[in-house]
Amino acid sequence: VNNDNCGSNCNCAEESTARTAVFQPGTDIYETQNEVVILADVPGADSAGIELDFADGTLSVRAGVAARATPGGRMILGEYGVGDFERSFRIGGGIDTARITARVDAGVLAITLPKAEALRPRKIKVEAPAAPSEN
Amino acid sequence: MLATRFSTMFPPAPFSINRLTDALLGADSHLGAARAFPGMNVWETDEAVVVEAELPGFSIEGVDITMTGKEVTISGKRAHTEPEGKVFLRRERPTGQFSRTLRLSSDIDGSRAAATLRNGVLTVTLPKAEEARARKIRVDGK
């Protein structure tokens, strides 16, 4: 479930037709008993700009970031560009894709991928054998 | 194009801590950038210096801004929460403490500084001290 289309710092050769720059968000992925959670840093994005698409085993995530008004004057230090965030993840079997949910808070997108019922851990009751008959 | 998140779009500013690596690796090198957290964009107008920094997952209570003379320091901490039962498959988001100091070319009026944190983007407006502001000097002709 954890492999995305390329490494975190790669420069993909693909060209986008979008006018604005698109960036790949830094992402944590962790697994618990019942779900897999993807956390992505998408500063500047709010819930209105989040798009999730699941098709052909790939979850595509886009976080639209509204252009911010610059304060004007002269830029004296520029360390990052502002644009939308985009990343896709291959989702293996065992995820209940119909129940994927997402929320964004303080510029962090959290996507919850519930594990399919069949793969969740469960206690298996061990039946005691019938009492041996004494003879 | 899927661009690298941090790029040296401008020649290194005098106070850029990336100056040395930029010089060693070339200004276009991705290796020379993205070391410092958080990334910052800084503008200077006649009246103020405006610092924007990306701090996703931070609350304003978790960020400290201190000003002394020409220096402003932004520091904070992003908790490294790892409750029981979590197995990390990938970990790229920075955690822990950070602190970055910018040395500005003008004195700041710290009493009028203001900061907002929205959707993980911190904006700090640092008004210049009265005597540091640009002003027009009228030239009297004869």
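Note that the structure is predicted; figures quoted are calculated from it, not measured.

Reading the values: rules and limits
In this numbering scheme, every chain counts its residues from 1 along its sequence in written order. Chain letters and ligand numbers both follow the written order, the letters beginning at A and the numbers at 1. With pLDDT at 70 or above as the cut-off, local features in this predicted model cover only qualifying residues; side-chain atom pairs require 80 or more to be listed or tallied, and sums for whole chains, interfaces and linings still use all residues. Hydrogens are left out, water is left out, and the side-chain values use all remaining heavy atoms of the structure. Whenever a carboxyl oxygen of Asp or Glu lies within 4 Å of a side-chain nitrogen of Lys or Arg, that contact is scored as a salt bridge. Helix and strand assignments follow DSSP, with helices taken as H or I runs no shorter than four residues and strands as E runs no shorter than two, numbered in order from the N terminus. Only protein chains enter the calculation, and the probe is 1.4 Å; a residue is then buried if its accessible area is under 20% of its type maximum, exposed if over 50%, and partly exposed in between. Only strands joined by at least two bridges in the DSSP assignment are considered to pair. Summary of the metric used: pLDDT quantifies the predictor's per-residue confidence within the range 0 to 100. Only rings of Phe, Tyr and Trp enter the pairing, Trp through its six-membered ring, and a pair is recorded when the two centres are within 6.5 Å. The plane angle decides the type: under 30 degrees is stacked, over 60 is edge-to-face, the rest tilted. We define a nonpolar core as any set of buried Ala, Val, Leu, Ile, Met, Phe, Trp, Tyr and Cys residues linked to one another through side-chain atoms lying within 4.5 Å. We call two residues in contact whenever any of their non-hydrogen atoms come within 4.5 Å of each other.

Section: the pattern of salt bridges
Step number 1: Applying the stated criterion to the full structure yields 18 salt bridges over all chains.
Step number 2: When the shortest N-O distance is used, the salt bridge between Arg93 of chain B and Asp41 of chain A registers 2.9 Å. Here Asp41 of chain A lies in strand E3 (residues 35-41) and Arg93 of chain B lies in the loop between strand E6 (87-91) and strand E7 (96-103), a pairing that spans two chains. Each of the two residues, Arg93 of chain B as well as Asp41 of chain A, counts as buried.

Comments concerning the pairing of strand E5 (residues 58-65) of chain A
All names here are of chain A.
Step number 1: Across the two faces of E5 the burial differs, with Leu59, Val61, Ala63 and Val65 buried and Thr58, Ser60, Arg62 and Gly64 not buried at all.
Step number 2: Across seven bridges, strand E4 (residues 45-55) lies against E5 in antiparallel orientation. Note on E5: the bridge partner recorded for Glu51 is Arg62.
Step number 3: Hairpin remark: E4 followed by E5, antiparallel, with two residues in the connecting loop; positive phi at Asp56, about 55°.
Step number 4: Sheet topology note: the E5/strand E7 (residues 84-90) ladder contains six bridges and is antiparallel.

Describing the confidence of the model for chain B
A low pLDDT means the predicted coordinates there should not be read in detail.
Step number 1: Per-chain confidence: chain B averages 76 in pLDDT, with 71% of residues scoring 70 or above.
Step number 2: When mean pLDDT is taken per element in chain B, strand E9 (residues 121-127) of chain B scores highest with 95 and helix H1 (residues 19-25) of chain B scores lowest with 41.

Considerations on the packing of aromatic side chains
All names here are of chain B.
Step number 1: Applying the stated criterion to the full structure yields five aromatic pairs over all chains.
Step number 2: Measuring from centroid to centroid gives 5.6 Å for Phe37 and Phe98, while their planes differ by 80°, and the two rings are edge-to-face. Taken together, the residues Phe37 in the loop between H1 and strand E2 (40-44) and Phe98 in strand E7 connect sequence positions 61 residues apart.
Step number 3: Taking the relative accessible area as the measure of exposure, Phe37 reaches 25% and is therefore partly exposed.
Step number 4: Between the aromatic rings of Phe58 and Phe98, the centroid separation amounts to 5.6 Å while the plane-to-plane angle is 90°, which identifies the pairing as edge-to-face. Here Phe98 lies in strand E7 and Phe58 lies in the loop between strand E3 (48-54) and strand E4 (63-68), a separation of 40 residues in the sequence.

Quick notes on the nonpolar core
Step number 1: If you look at the biggest cluster of nonpolar residues, it comprises 21 residues, and the most contacted ones within it are Ile38, Val42, Leu59, Leu109, Ile111 and Leu113 of chain A.
Step number 2: For this core, the elements supplying multiple residues, two or more each, are E3, E4, E5, E7 and strand E9 (108-114) of chain A.
Step number 3: The leading source of residues in this core is E5 of chain A, at four residues.
Step number 4: Discounting residues that sit within four places of it in the chain, Val42 of chain A has contacts with Pro25, Ala63, Phe85, Val104, Gly107, Val108 and Leu109 of chain A.
Step number 5: Ranked by size, the runner-up nonpolar core spans 19 residues in total, among them Val51, Phe58, Phe98 and Val124 of chain B.

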